[in-house]
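Each chain, written out:
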Amino acid sequence: MMPGKVKFFKLSKRFVDEKDAPAEVEQLKYYALAIGHHIGIVDCLSPVMTMEEKDYLEWISKFPPGKVRRKLEGLTKWGEIEINREHVALLVSTLSQAFPSFLPEEKEWANCLLKLLHSIQKEPAIYVVVRLSEENSDYCRQ
């Protein structure tokens, strides 16, 4: 894959695809939304932060070795990673450790990511997708 942009997306809305959940199963739709299963649910993600791939790699190289850095480095292998509530505590800790070594722009990225992590803590159904892409549009995941 050619060098591209790294984009952070946040869940902006979620709705049920009516054709997958007819009116007879209204309670099932709400139950599925509540527990977060993605059967018949479309998640719309909005871009929150964008950077060049080389800048992203330079930034995460300043993270201490460990789970968080490996997860974030996985973007180059998989093209997409997801950050959800199970990642929040470790990410916050790792960002705090690495923060003093960041350049001013990297500190802005870290603060943006911390805000996203805070929103996940407040509402666990929210998650963040990080994509390596050339695209500029919002994107929905089914």
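Structure report, in brief. (Residues numbered from 1 in each chain as written. Predicted model: local features only at pLDDT ≥ 70, side-chain atom pairs only at ≥ 80, totals over all residues. Heavy atoms only, no water.)

In contact at an axis separation of 11 Å, helix H2 (residues 53-60) and helix H5 (residues 104-122) are set at 80° when each is read in the N-to-C sense. Taken together, the axis directions place H2 and H5 in an arrangement best described as roughly perpendicular. From H2, Asp 55, Glu 58 and Trp 59 reach across to H5, where they touch Glu 106, Trp 109, Ala 110 and Leu 113. Split into classes, the residues belonging to the contact of H2 with H5 amount to four nonpolar, no polar and three charged. (Axes fitted to C-alpha atoms, helices over the stretch in contact; angles between N-to-C directions. Helix = DSSP H or I, 4+ residues; strand = E, 2+ residues; numbered from the N terminus. Parallel < 35°, antiparallel > 145°, perpendicular 65-115°, else oblique. Contact = heavy atoms within 4.5 Å. Nonpolar A, V, L, I, M, F, W, Y, C, P; charged D, E, K, R; others polar.)

Relative to the helices and strands, Thr 94 resides in helix H4 (residues 88-98). A residue is classified by how much of its surface remains accessible, and Thr 94, at 6% relative accessible area, is buried. A polar contact of 2.9 Å, which involves the side chain of Thr 94, links it to the backbone oxygen of Leu 90. The contacts of Thr 94, once residues within four sequence positions are left out, are Phe 63, Pro 64 and Val 68. (Buried < 20%, exposed > 50% of the residue type's maximum accessible area, 1.4 Å probe, protein only. Polar contact = N/O pair within 3.5 Å; in protein donor to acceptor, adjacent residues only side chain to side chain.)

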